[in-house]
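# Observations on the model geometry
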Amino acid sequence: MGSRIDTGAVARNLGSVGLDKLPTLIVDQCLEDCVRELTATANMILAGEIRLPHETLAMPKKRFGPRPVTVTSTAARVAYLALVEYLGDDLGPKSREEGKYKEFKTFTLKGESEYVANFDIASFYEYIDHADLKQEVLSRTLNPESVTALTNVLTSVIGGSRGLPQLLSASDHLADAYIARLERRLTRDGYSVARYVDDFSVACPDWETANVIIERAAEYARDLGMVLSSEKTTITKRATIIANEEAGEEFFKEKFDAARAEEEVHVFLWNDDYDDMFEQADEPDTQEPGESDSSIDDAAMRTAMWSLLGDWVRLVRSAEPENHFRLESHYMTYLKPALGWLRNFSQRIPDDVLHELVFRHPLLLAPACGYIRARDASDYGWFEDPWPTIRTLAIMGRQSPWAKLWLLDTVAQMRMFEQSADRARVMEWVDKQLSDRHEAVRAQAAWAAAIHGRLTERTLTELYTHASPISQPALAACMAKQGNIGKGIVNAIKQDGPMMKKAYSWAEKQNSVN
């Protein structure tokens, strides 16, 4: 354990306190120059002298239902991460470190046991009991002051008596310490156990033992106030797991080998009738004598991904909805990488295909936004108007706050294309998000609106009136970014605190750079 809780070091590296699986939000960006202020506020949080607000927004999960994500003030996250870093190795190993997932998969695929029992915890982070967590921290650190600080910081990052805020590395480490008790009990019972976060794999010599292990895991989890996820609790023959893994690898290998073997790269073009597709030859990457195969391999990979995406869209549009999950099984591994590989492909993914991807798998919105931004910044993108694509995604049905944050961040980074009718429609959508019920969404919408010169003085003052410390500095930054705001309003907000003044100055510097 370190000698002190170094909130200053964390405040100087704000990228470490951002929310995972979200873009860098303006509520954090605007505080880059507020190291002293963030440090002082974080120290007051740890001491229990102040408590800052937080809000919860929904993020989609891989299968069904939303995942609650807590957005706290930046200072509270600084305090939280600094405390957990101070506790350090006393909390035990981190399951999310580089290479750990590969180890977890290797355990499942290799070994001599005939069966593998797999299970995880339902709504794991939401039900971590604070009293049990603090007792575990105390037993590991023998430091009651650290437990007091943890009590204080939890009130500002989550509140209540249960749960840890998701998408934060500090929560990941605390959660590992909490669930490790279940892992230790199974290990003491003599079982060979592998764990990644709350996913468990246990080697089993036979079917009967596998059932006993799951029964014990359910009992031990209940002692922690947890329950096993019924849909993710399985007993599988190791041979079946290996066969499925090999089938998934062979599924894509066939496409890649076919693409690499061709002298020309053939690409599929989609039209409205997906039964009537045609091919167009594209110039292949050439290889100079003595050059490595990497350029040809890259070209083959992009072509294989394009082919895979075409096969996938034909599949889901022709199959009955109840069969989608079964039929998509091998495709799911490659849909996200496809969006990365195709960023610099000569053909642009049609908007309706991106819509299909995001509609059926909402978590793919993040890589879809990355695809749009990369195309916009590439040589190909300069010949493409990105706004019809953004409009297609923005006007989808009900959207989660998580999705809105990704789209708003994308809007803020796009080139203008002033004459684009689709851009006008997108900006109308941005204007609507200024009245969203989530403070983080309103702040992000205000930043996007300010970048595009649409933020009015009246809207800004209304937003600031209803804001908390979560977004007040961000709105001061929006005011500077927009410009043309009355001097009286500017002074009133800048003088509301040192963070407001520095956030305003930060945005002024952004204007001068851009």
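Residues numbered from 1 in each chain as written. Predicted model: local features only at pLDDT ≥ 70, side-chain atom pairs only at ≥ 80, totals over all residues. Heavy atoms only, no water.

Under an unreviewed UniProt entry, the protein has the name Reverse transcriptase domain-containing protein and belongs to Streptomyces labedae.

What follows deals with the overall build of the protein. When helices and strands are counted, the protein shows 23 helices and 8 strands. Relative to its 514 residues, the protein shows a buried fraction of 52%. Considering only intrachain contacts with a sequence separation of at least 6, the fraction spanning at least 24 residues in the protein is 76%. Counting every atom, the protein has about 24,400 Å² of accessible surface; 49% of that belongs to carbon and sulfur. (Helix = DSSP H or I, 4+ residues; strand = E, 2+ residues; numbered from the N terminus. Buried < 20%, exposed > 50% of the residue type's maximum accessible area, 1.4 Å probe, protein only. Contact = heavy atoms within 4.5 Å. Areas by Shrake-Rupley, 256 points an atom, 1.4 Å probe, with all protein chains shown as cover.)

The subject of this paragraph is the pattern of salt bridges. Pairing between side chains of opposite charge can happen when the charged atoms of each approach one another. In total, this model carries 29 salt bridges according to the counting rule given. Glu245 is the partner of Lys105 in a salt bridge, and the nearest nitrogen-oxygen pair spans 3.5 Å. With Lys105 in helix α5 (residues 100-109) and Glu245 in helix α10 (residues 238-261), this pair connects stretches of sequence that are 140 residues apart. In this structure Glu245 comes out as partly exposed when scored by relative accessible area, which is 28%. For Lys232, the salt bridge is made with Asp120, and the minimal N-O distance between the two is 3.6 Å. (Salt bridge = Lys/Arg side-chain N within 4 Å of Asp/Glu carboxyl O.)

Direction vectors running N to C along helix α3 (residues 35-46) and helix α4 (residues 74-87) enclose 65°, while the axes themselves pass 8 Å from each other. Here α4 runs roughly perpendicular to α3, going by the angle between their axes. Taken as a pair, α3 and α4 cross one another with a handedness that is right-handed. Contacts between α3 and α4 pair Leu38, Thr41, Ala42, Ile45 and Leu46 from the former with Thr74, Ala75, Ala76, Val78, Ala79 and Leu83 from the latter. (Axes fitted to C-alpha atoms, helices over the stretch in contact; angles between N-to-C directions. Parallel < 35°, antiparallel > 145°, perpendicular 65-115°, else oblique. Left-handed = near helix turned anticlockwise from the far one by under 90°.)

We now examine the nonpolar core. Counting residues in hydrophobic clusters, the biggest one holds 164 residues, and the most contacted among them are Tyr80 and Leu182. Those residues in contact with Leu182 that lie beyond four places of it in its chain are Phe119, Ile121, Phe200, Ala217, Tyr220, Ala221 and Leu224. (Core = buried A, V, L, I, M, F, W, Y, C linked by side-chain atoms within 4.5 Å.)

Further remarks concern helix α20 (residues 457-465). Side chains three or four residues apart in an α-helix point the same way, a direct result of the helix having 3.6 residues per turn. Three or more residues of α20 are buried, namely Leu460, Leu463 and Tyr464. Taken down its axis, α20 places every buried residue within 95° of arc, on the same side. Within α20, the exposed residues directed more than 90 degrees away from the buried face are Arg458 and Thr465. (Arc of directions from axis to C-beta.)

Right, let's get into the packing of aromatic side chains. Scanning the entire structure with this criterion turns up 12 aromatic pairs. Relative to Tyr196, the ring of Tyr101 lies with its centre 5.1 Å away and its plane at 70°, an arrangement referred to as edge-to-face. Separated by 95 residues along the polypeptide, Tyr101 in helix α5 and Tyr196 in strand β4 (residues 193-196) bring together distant segments of the chain. With relative accessibility at 18%, the residue Tyr196 sits in the buried group. Seen from their ring centres, Phe251 and Tyr334 are 6.2 Å apart, and the 40° between their planes marks the pair as tilted. Note that Phe251 is positioned in helix α10 and Tyr334 in helix α13 (residues 332-341), a separation of 83 residues in sequence. Taken as a pair, Phe251 and Tyr334 share a single burial class, namely buried. The rings of Phe251, Phe252, Tyr331 and Tyr334 are connected pair by pair, giving a single aromatic cluster. Positioned above the aromatic ring of Tyr178 is the side chain of Arg181, whose terminal nitrogen or guanidinium carbon lies 4.6 Å from the ring centre. (Phe/Tyr/Trp six-rings, centres within 6.5 Å; stacked < 30°, edge-to-face > 60°. Lys NZ or Arg CZ within 6 Å of the ring centre and 35° of its normal.)

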